Amino acid sequence: MRFELIKKSCLFLFFMVLCGCVSTNKPADFVVNARVSNTNPGSMNSHGDNLVTYSTIQAAVDAAPLADEPWTIVIAPGNYNERVVIRRAGLRLIGSGKGKTRITFDRYAGQPVEPGSSETWGTFRTAVVEVLAEDVGLYDLTIENGYDYPADDRLPKGHPDKIRGTQAVALKTGEQADRTLLQRVELLGYQDTLFVQEGRTFVTDSEIRGHVDFIFGDGNALFENTDVISRPRAHPMTFTGYITAPSTLLDSFYGLTFINCRLLRELDVPDNSVPLGRPWHPTKTFTDGRYADPNAVGKSTFINTFMDAHIATVGWSTMGGTAKDGSRKQFDPLEDARFSEWGSYGPGAVLNAKRPQEKETALADYAKHKILDGWNPPLLSKAGANALIK
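Being a predicted model, the structure only gives us computed values, none of them experimental.

Asker: Just give me the short version of the overall build of the protein chain, but keep the residues and values in it.
Answerer: Per the secondary structure count, the protein chain includes 5 helices and 29 strands. The C-alpha atoms of the protein chain give 21 Å as radius of gyration, which agrees with the globular expectation for 390 residues (21 Å, within 12%). Principal-axis analysis of the C-alpha atoms places the extent of the protein chain at approximately 65 × 60 × 45 Å. Scored against the burial criterion, the 390 residues of the protein chain give a buried share of 54%. For the protein chain, restricting intrachain contacts to residue pairs at least 6 apart in sequence, the fraction spanning at least 24 positions comes to 66%. Summed over its atoms, the accessible surface of the protein chain is roughly 17,300 Å², and 52% of this surface lies on carbon and sulfur atoms.

Next up, the structure:
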């Protein structure tokens, strides 16, 4: 068994090198255009040249001139309690490191838009950071939706204070986004941490925490060398969460792709309790009614990924949706989705009929340059980032 895993890993590396999936790109050159410090604004400088320093990230984002050239904002250590909406293409936010630069906000789906209002935010308007432009880069920072999901989760079923609408997004790449890069970024949440709504997203050397459907959407996202960490629930249950909930459209070959990642868990997440994903068919309005989108045949693929023992033996799970007649139906992970894995290893890696395996002959399709359709993400070395934040 161990020989087969080593053999698979060697074959995988061969395919990755052959197909250009092993990056040989030099770090991109970055120029600091603005700085942010919420503790001592105006005191920071770069190479002796004074730069405008803002006390909030959103103020710095809004001040970026509209132009084709990239615009780089360096953010000092600190907790920034704000929502950040990025509408300017080519914007790059560089923090001082995961856990050092923290962008936090606590909006959740069931929260009233105004006190006493019957209108709530809904899942899609809860993101702490919302990317609504092309070529946006996020580096060396933490984004956290601080909604206290565990407190609500601890309440017993039927409790009058229990909340409907506990989804709370940390990062959203919206319909206008494409070529979004996350490098050395930490995303923290519980239900629906990362919403990849549209476009291409590349996540590398990062960390994502959550439990229920915490990586979801119909965008094309490649995760490389990233830790995906499941969080515990307050009460015993068969499945404590689901890592992915893709809604990839049928005409899109790539969905949520994980290569050389690790699926880990926090304390108190039981063995055999977290499926790799379930098929999300969003409810949409059609000429003949409102029902689950039949073209949303989600795709999640795990390649050469470590899986701890919390990963469910069955691999994948069903997900409910609205049928044409208005009734509730369950979408099957084997028939109503495109789920697969190859070269999985670790205590949660199990071979059985419910866990489709990718064919070795198809691995060439998962070369980095193919998944990203020729996009070459502008990576920033750690040394380069450290030089910019001084």
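Asker: Describe the side chain of D140, listing the residues and the values that go with them.
Answerer: Position of D140 among the secondary structure elements: in strand 11 (residues 137-145). Residue class for D140 comes out buried when judged on its relative accessible area of 2%.

Asker: Provide a residue-level description of the pattern of salt bridges, including the pertinent values.
Answerer: Using the criterion set out here, one finds 22 salt bridges in the structure. Between D140 and R184 there is a salt bridge whose closest N-O contact spans 2.6 Å. With a gap of 44 residues between them, D140 in strand 11 and R184 in strand 13 (residues 180-188) connect regions that are remote in the sequence. For the pair formed by D140 and R184, the shared burial category is buried. Notably, a salt bridge pairs R179 with D178, separated by 3.2 Å at the nearest N-O pair. In this pair, the class of R179 matches that of D178, namely buried. Salt bridges sharing partners connect three or more residues here, namely E134, D135, D178, R179 and R200.

Asker: Break down the nonpolar core for me, citing the residues and quoting the values.
Answerer: Ranked by size, the top nonpolar core spans 52 residues in total, and within it L93, I143 and F223 carry the most contacts. With residues near it in sequence (within four places) discarded, I143 still touches I103, V128, V129, L138, A170, L171, E186, L187 and L188.

Procedures and definitions
Residues numbered from 1 in each chain as written. Predicted model: local features only at pLDDT ≥ 70, side-chain atom pairs only at ≥ 80, totals over all residues. Heavy atoms only, no water. Helix = DSSP H or I, 4+ residues; strand = E, 2+ residues; numbered from the N terminus. Rg over C-alpha atoms; globule rule 2.2 N^0.38 Å. Buried < 20%, exposed > 50% of the residue type's maximum accessible area, 1.4 Å probe, protein only. Contact = heavy atoms within 4.5 Å. Areas by Shrake-Rupley, 256 points an atom, 1.4 Å probe, with all protein chains shown as cover. Salt bridge = Lys/Arg side-chain N within 4 Å of Asp/Glu carboxyl O. Core = buried A, V, L, I, M, F, W, Y, C linked by side-chain atoms within 4.5 Å.

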